[in-house]
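Overview (structure and organization)
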Amino acid sequence: MQNKESFRRELASCTGALQTSISQHMSKEEEQVIPLLVEKFSFEEQASLVWQFLCSIPVNMMAEFLPWLSASVSSDERQEMRSSLCRVIPEETLLQQIIFTWMDGVNIFKKRKNLEDNGTYQCPCSSSQLIKRESSPLDRPVDEILHWHKAIKKELIDIAEAARSIQLSGDFSDLSSFNKRLQFIAEVCIFHSIAEDKVIFPAFDTELSFTQEHAEEESEFEKIRFLIESIENDGANSSSSEFCSKLCSHADHIMAIIGNHFKNEELQVLPLAHKHFSPKKQRELLYESLCVMPLRLIECVLPWLVGSLSEDEAKSFLHNMHMAAPASDTALVTLFSGWACKGRPHESCLSSGATGCCPANVFLEQNDGLGPRSCPCNLPTKRANSTSRKESNGCVPGLGMDSNKLKTGHTKSLRALSFGPSSPSSSSNLFNWETGISLIEEGTGLPIDTIFKFHKAIRKDLEFLDVESGKLTESNESFLHQFNGRFRLLWGLYRAHSNAEDDIVFPALESKETLHNVSHSYTLDHKLEENLFKDISTSLIELFELHDKNNNNSLRTYTELATKIQGMCKSIRVTLDRHILLEERELWPLFDRHFSVDEQHKLVGRIIGTTGAEVLQSMLPWVTSVLTQEEQNTMMDTWKQATKNTMFTEWLNEWWEGSSSSVDASSSSSDKNISQGSESHEVLDPNRYTFKPGWKDIFRMNQTELESEIRKVSRDPTLDPRGKDYLMQNLMTSGWLAAQQKLTQGRKNDTSDNEGLHGRSPSFRDADKQIFGCEHYKRNCKLRAVCCQKLFACRFCHDNVSDHTMDRKATTEMMCMNCLKVQPVGPVCTTPSCNGLSMAKYYCSYCKFFDDERDVYHCPFCNLCRLGKGLGVDFFHCMTCNYCLAIKLADHKCREKGLETNCPICCDFLFTSSAAVRALPCGHFMHSACFQAYAHTHYICPICSKSMGDMSVYFGMLDALMSSEVLPGDFRDRRHDILCNDCDTKGSAPFHWLYHKCGCCGSYNTRVIKVDPVSVFSN
């Protein structure tokens, strides 16, 4: 019973996965493909495509597909569909009758069956002697398989001879015709193999299989097809001798393996069929085998096959086909008979001799009410063959399709057409999780590989959800919380990953001229997958509610919902596995082909530059847990290279204890690069210099000794200026440092009990409303400065009254202003009386920063807290500028470490400033408030002198002013050499006391670099 229940749940989950996969595929078609068809194709072109589609579906599948489709729609939709099909199907009664017979799923041609049962109907074109079906029965109809073998082998021999002719002549002009013949026989062989695998062999009780032979044949046909495509694409650049040699070799090999295959079948299969099957059963198997092919192929195959038979063999073939076909297939057999007759050069009707009447004539009589007529099958026609496939001029209609536009699909796609409910494909990978293995070779070492490393982690969590979801029915609360947490983590990280692809990776691909529309399908996948995550989330919330009720009525509902979630987890695994696999197979190689290593580094930088600290804290352990040590080292080295201008390494080392082994050890070379050229973080090595006193020696020196040592350093010729400055500064401040250390130690001892601690009283941002804080921030706590052990509401309050600055990151203690209790720094008060009072809406454990008013986030690349909603929301971190900028400034002009400088107006350090910063078009920065004040009187950058905005209106006003001014005669012919600050072009301009226009860009933002002397004129 338990196994049956487990099987039921597994079946339900697999069915759900199948439904999800198909629904996703159809949604993408409806959103992506169908609008393009409607927009780009006329009605006639659309009708032609639909007709080609119908004619490419195997006949046996069409007989089931159309009734199923008709039954699944409303009566109005069914009528509309019939009306549309009337315009899609060629205006031939026989073709329309076949399609609508399938669509109705009923037996319309009862009259034909009655006539055949009476045995009295005779076509005027039939032989003078009445031939009844019972008069010439075949004892072994299955031997007609030999006809197929004979025709296939003959065609292969002709193809091999044609290949040798090409080799001898070296003439490739007729290569397209040769390719058509090859495509035709390849389709025949593949569908012949499919018929054996799906129809003939399953009918035997014993196990018969020629799977290996079929796979080998299909592989050889694929090789030849690729070979011909390569020679057609290469043209004159190809090696003709090498091509001909390979072509002949493949042709001979195909002949050999197919010959052995057919010989084994004739020795093993036919004797069993003779022994176990009646003639009726044999005919039915042959007819079902024929119906495995689509109409477009049968139209070519029947005249080709019948043309290789004798007249008696051809009549016997048609006789068996008529006897095997059900009465509802009368129109279809009529069509088949007409096509078969076109393969004979004689004027006689094969169908008449085989069945006692002409089926085409009977059909026409029954549909137009006229009397007997001459047989329409033997009207003058050209003999059809395997290469031309032209529609003949006979009365039995052709399908009316241009064979030149029809291309043979891959072997896999042809086999997929034959998939049926009675014989599921063993090669289907819908539920085969091993197919999720990456197709990309590991260790390529490209920066973009970092992004695709996330696929490993996603696969691991998908496997967890799929496998462990079966335990949800056990109603274990602890496991339920664990499962929900794992799901939420995967959802959040998948969302960050997909957003990065949609916003950065895919647009980068689309920006390449040769890669338009390569990623649109994956964007649609992300939308559908996000909906799947939402559905699972909703169901998990309902599951928690049912678990909390814990009564008998809800137990059954709980079990059903848990089973549903299991199916949804399997569905999302199927969907994401396929999505990831296609990304790796189709998109990943494009980066190596179209993007340089530097471009890939920039892409990686842009992606992680939109990822917040909280996401990175969850993401890095999650990804590295599924990677080998070498892969971890490679990934972190790539990340550090992309963030070399930032404080990312410092932030990483602050919270990730494992970073010392997995990050620092793997990127020593990157650390060297990071330190070079960064003056703000460079540390001088005292060992480089002559004077090497220890700190204890310095602290023991008196003032006279210190001055003596300073003079020594000053006179030392072996020291460079920076080294002298470093050592002299330390010597001069050594006394103060020693005093501070003693003072700090004394204060620690004096205030160990926190009694009489300086600042141990509440401060208010709004005293009237009793709102805690200070003039700078609203918060419910004070910080204890490590440097002086005093309590201050913020670092600014400390710095305003002290002769030193406060390092807020070193803070370890705080005081709750509600209970005045000094305690370890944290987001809430730990005193029971405060009942978990929050110190502020926002708390940063890195910066020890509290804010109860504004939106704040911690940037891991600045390693500072910034105002805003977060990276990827309204800000991003530019790895080149090393600063957080608004999303709207994504296309700004980068300047390396452009904000690690002072504001040119107020001279405050921009990088750590809490005020808003404005980016100028030239790439420089200043405070927004400073810009507003400065722009009232200036329009050029105070650093580089370029225009700070679009000055076309102002320059137009100057043009008008200059045209209205008339200079005195002494100055009219004078000119100035100028340099344009905007376009950096040198030129000359007419003399003016204030304004000189650039002749290149029209800007008045110029400077005079040379004044011409006054020209002397004579009368």
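Located above this text is the structure these notes cover.
Since we're looking at a predicted model, the values are computed, not measured. (Residues numbered from 1 in each chain as written. Predicted model: local features only at pLDDT ≥ 70, side-chain atom pairs only at ≥ 80, totals over all residues. Heavy atoms only, no water.)

A few words on helix α4 (residues 75–88). Residue pairs three or four apart in sequence face the same way in an α-helix, which turns once every 3.6 residues. For α4, spanning 14 residues, the distance from its first C-alpha to its last is 20 Å, which sits close to the expected 20 Å at 1.5 Å a residue. Taken as a whole, α4 has its buried residues at Met 81, Leu 85 and Val 88. With its buried residues spanning 55 degrees around the axis, α4 presents them on a single face. With respect to the buried face of α4, the exposed residues turned more than 90 degrees away are Asp 76, Gln 79, Glu 80 and Arg 87. (Helix = DSSP H or I, 4+ residues; strand = E, 2+ residues; numbered from the N terminus. Expected span 1.5 Å × (residues − 1). Buried < 20%, exposed > 50% of the residue type's maximum accessible area, 1.4 Å probe, protein only. Arc of directions from axis to C-beta.)

Turning our eyes to something else, we now look at the packing of helix α22 (residues 597–608) against helix α24 (residues 629–642). Two elements in contact, α22 and α24, have axes whose closest approach is 9 Å; the angle formed by their N-to-C orientations is 85 degrees. With respect to α24, the element α22 is oriented roughly perpendicular. Of the residues in α24, those in contact with His 601, Val 604, Gly 605 and Ile 608 of α22 are Thr 638, Trp 639, Gln 641 and Ala 642. Of the residues contributing to the contact of α22 with α24, the split by class is 4 nonpolar, 4 polar and no charged. (Axes fitted to C-alpha atoms, helices over the stretch in contact; angles between N-to-C directions. Parallel < 35°, antiparallel > 145°, perpendicular 65-115°, else oblique. Contact = heavy atoms within 4.5 Å. Nonpolar A, V, L, I, M, F, W, Y, C, P; charged D, E, K, R; others polar.)

Under the defined criterion, the tally for this structure stands at 31 aromatic pairs. Ring geometry for Phe 336 against Trp 339: centres 6.3 Å apart, planes inclined by 35 degrees, an arrangement best described as tilted. Of this pair, Phe 336 and Trp 339 both sit in helix α14 (residues 330–341), separated by 3 residues, roughly a single helical turn. For the pair formed by Phe 336 and Trp 339, the shared burial category is buried. Centre to centre, the rings of Phe 506 and Tyr 522 are 6.2 Å apart; their planes meet at 40 degrees, and the pair counts as tilted. Residue Phe 506 is located in helix α19 (residues 477–510), and its partner Tyr 522 is located in helix α20 (residues 520–549); the two are separated by 16 residues in the primary sequence. Aromatic ring contacts, followed pair by pair, group Trp 639, Phe 648, Trp 651, Tyr 846 and Phe 861 into a single cluster. Over the face of the ring belonging to Phe 595 we find Lys 512, whose NZ or CZ atom lies 4.7 Å from the ring centre. (Phe/Tyr/Trp six-rings, centres within 6.5 Å; stacked < 30°, edge-to-face > 60°. Lys NZ or Arg CZ within 6 Å of the ring centre and 35° of its normal.)

With that settled, consider the nonpolar core. With 100 residues, the main nonpolar core has Leu 543, Trp 622 and Trp 639 as its most contacted residues. Tallying contributions element by element places helix α21 (residues 552–594) first for this core, with 9 residues. Excluding anything up to four places from it in sequence, Trp 622 contacts Phe 454, Ala 457, Ile 458, Asp 461, Leu 489, Leu 490 and Leu 493. Formed by 95 residues, the second largest nonpolar core is a distinct cluster that contains Val 292, Met 321, Val 333 and Leu 399. (Core = buried A, V, L, I, M, F, W, Y, C linked by side-chain atoms within 4.5 Å.)

With that out of the way, let us pick up the sheet that holds strand β5 (residues 813–816). Strand order across the open sheet formed by 4 strands is β4-β3-β5-β6, with antiparallel pairing between neighbours. Where the open sheet ends on each side, the last strands, each with one partner, are β4 (791–792) and β6 (822–824). Judged from the 3 bridges that link them, β5 and β6 form a sheet pairing that is antiparallel. Note on β6: the bridge partner recorded for Met 814 is Gln 823. (Pairing = 2+ DSSP bridges.)

Now for the environment of Ala 314. Its place among the elements puts Ala 314 in helix α13 (residues 311–324). Look at Ala 314 and you get buried, because its relative accessible area is 0%. Taking the C-alpha atoms as reference points, Ala 314 and His 147, separated by 167 residues in sequence, lie 9.8 Å from one another.

Okay, the sheet that holds strand β16 (residues 986–990) next. Across the sheet, 3 strands lie side by side as β16-β15-β17; this open sheet has antiparallel pairing. Both edges of this open sheet fall to β16 and β17 (1006–1011), since each of them pairs with a single strand only. Direction aside, neighbouring strands of the sheet carry axes that sit 40 degrees apart on average. Two strands pair when backbone bridges link them, and strand β15 (residues 975–980) and β16 are joined in this way by 5 bridges, in the antiparallel orientation. Bridge pairing in β16 links Leu 979 to Lys 986.

To locate leftover empty space, one rolls a probe as large as a water molecule over the atoms. A full pass over the atoms with the stated rule returns 8 cavities of 30 Å³ or more. Within this model, the largest cavity holds a volume of roughly 300 Å³. Taken together, 21 residues form the lining of the largest cavity, with Ile 145, Trp 148, Leu 286, Ser 289 and Leu 290 sitting closest to its centre. Going through the elements one at a time, α7 (145–169), α8 (175–200), α10 (240–276), α11 (279–290) and α13 are the ones with two or more residues in the lining of the largest cavity. Within the lining of the largest cavity, the residues separate by chemical class into 14 nonpolar, 3 polar and 4 charged. (1 Å grid on protein atoms, 1.4 Å probe; cavity = no way out; pocket = protein on both sides within 12 Å on 5 of 7 lines; lining within 4 Å. Points joined across faces, edges and corners; volume = space filled by probe spheres on them.)

Attention shifts here to the pairing of β15. Side-chain alternation along β15 places His 976, Ile 978 and Cys 980 on a buried face and Arg 975, Asp 977 and Leu 979 on a face that remains uncovered. In this structure, the hairpin formed by β15 and β16 is closed by a connection of 5 residues, where Asp 984 is found at a positive phi of approximately 60 degrees. The pairing of β15 with β17 spans 5 bridges and is classified as antiparallel. Looking at β17, one finds that Asp 977 is bridged to Lys 1010.

Note that every value here comes from positions in space, so none of it alone points to a role or purpose.
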